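Below, each chain spelled out in residue letters.
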Amino acid sequence: MTILIAYDGSADAKAAIEFAGKHLAHEATVVLTVWEPLLVQLRRHPIAGPALITDQGEEWKELAEQQAQEGAELAVKAGLTDVTARAVADRESIWRTIVDAAEEIDASVIVTGSRGLAGVRSVLLGSVSNHVLHHAHRPTLIVPPAKS
């Protein structure tokens, strides 16, 4: 089995990696970063279309790959072994992409921070982690922010 850690570079995602390293059995680990291709962004934010057209999708893919690699390095430092970095393009929604990736690799658990970089969308739980929790058909561990 495999641990899937959703990673977006946020403080909560980093806390999730640290928690997983301290408390989960040492299984193969995939650190997943989801990135949004231009067409998905245009569909989701049509008013911002002109501003998005100047952005390079290939650059975003490379940034996502770098971010996933950063997360993988943090996972190794946290004590996880057999760690793989993976960047996946979002085709529908970030939470669905995470759930689909977990299904694909038959993850024994999905680990995510309670909120990501997308901002505050709900009072108690970020919308991505909330949707993963309610739609994944496997154990899901949502790690709260680290205490300051």
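Residues numbered from 1 in each chain as written. Predicted model: local features only at pLDDT ≥ 70, side-chain atom pairs only at ≥ 80, totals over all residues. Heavy atoms only, no water.

Undergrad: Explanation requested: the pattern of salt bridges in the structure shown.
TA: Two side chains of opposite charge can pair, provided their charged atoms sit close to one another. Evaluated as defined, the whole model comprises 4 salt bridges. With a closest N to O distance of 3.9 Å, D100 and R96 form a salt bridge. Within this pair, D100 and its partner R96 are both found in helix α5 (residues 94-105), separated by 4 residues, close to a single helical turn. Overall, the relative accessible area of 25% leaves R96 in the partly exposed class. A network of salt bridges, in which partner residues are shared, links E103, D106 and R138. (Salt bridge = Lys/Arg side-chain N within 4 Å of Asp/Glu carboxyl O. Helix = DSSP H or I, 4+ residues; strand = E, 2+ residues; numbered from the N terminus. Buried < 20%, exposed > 50% of the residue type's maximum accessible area, 1.4 Å probe, protein only.)

Undergrad: Got a minute to help me understand α5 in this structure?
TA: Its 12 residues give α5 an end-to-end C-alpha distance of 17 Å, which sits within 8% of 16 Å, the value for a rise of 1.5 Å per residue. Listing the buried residues of α5 in full gives W95, T97, I98, V99, A101 and A102. Looking at the packing, one finds that the buried side of α5 touches β1 (2-6), β2 (28-35), β3 (83-89), β4 (107-113) and α6 (127-135). D106 sits one or two positions beyond α5 and adopts a positive phi of about 55°. (Expected span 1.5 Å × (residues − 1). Contact = heavy atoms within 4.5 Å.)

Undergrad: What am I meant to see in a negative patch on the surface here?
TA: Together, E58, E59, E62 and E65 give the surface a local cluster of negative charge. In this structure, E65 sits in helix α4 (residues 57-77). Its relative accessible area of 38% is what places E65 among the partly exposed residues. (Patch = residues over 30% accessible without salt bridge, like charges linked within 9 Å, V, L, I, M, F, W, Y side chains within 5 Å. Areas by Shrake-Rupley, 256 points an atom, 1.4 Å probe, with all protein chains shown as cover. Lys, Arg positive; Asp, Glu negative; His and termini not counted. Charge placed at Lys NZ, Arg CZ, Asp CG, Glu CD.)

Undergrad: Where do I start with the sheet that holds β4 in this structure?
TA: Within a sheet, neighbouring strands are paired by backbone hydrogen bonds and run either parallel or antiparallel to one another. Pairing is parallel across the open sheet formed by 5 strands, whose spatial order is β3-β2-β1-β4-β5. At either margin of the open sheet sits one strand with a lone partner, and together these are β3 and β5 (140-143). Between one strand axis and the next, the sheet turns by 25° as a mean value, whatever way the strands run. Those strands touched by helix α1 (residues 11-23) are β1, β4 and β5, and its axis lies near 140° from that of β4. (Pairing = 2+ DSSP bridges. Axes fitted to C-alpha atoms, helices over the stretch in contact; angles between N-to-C directions.)

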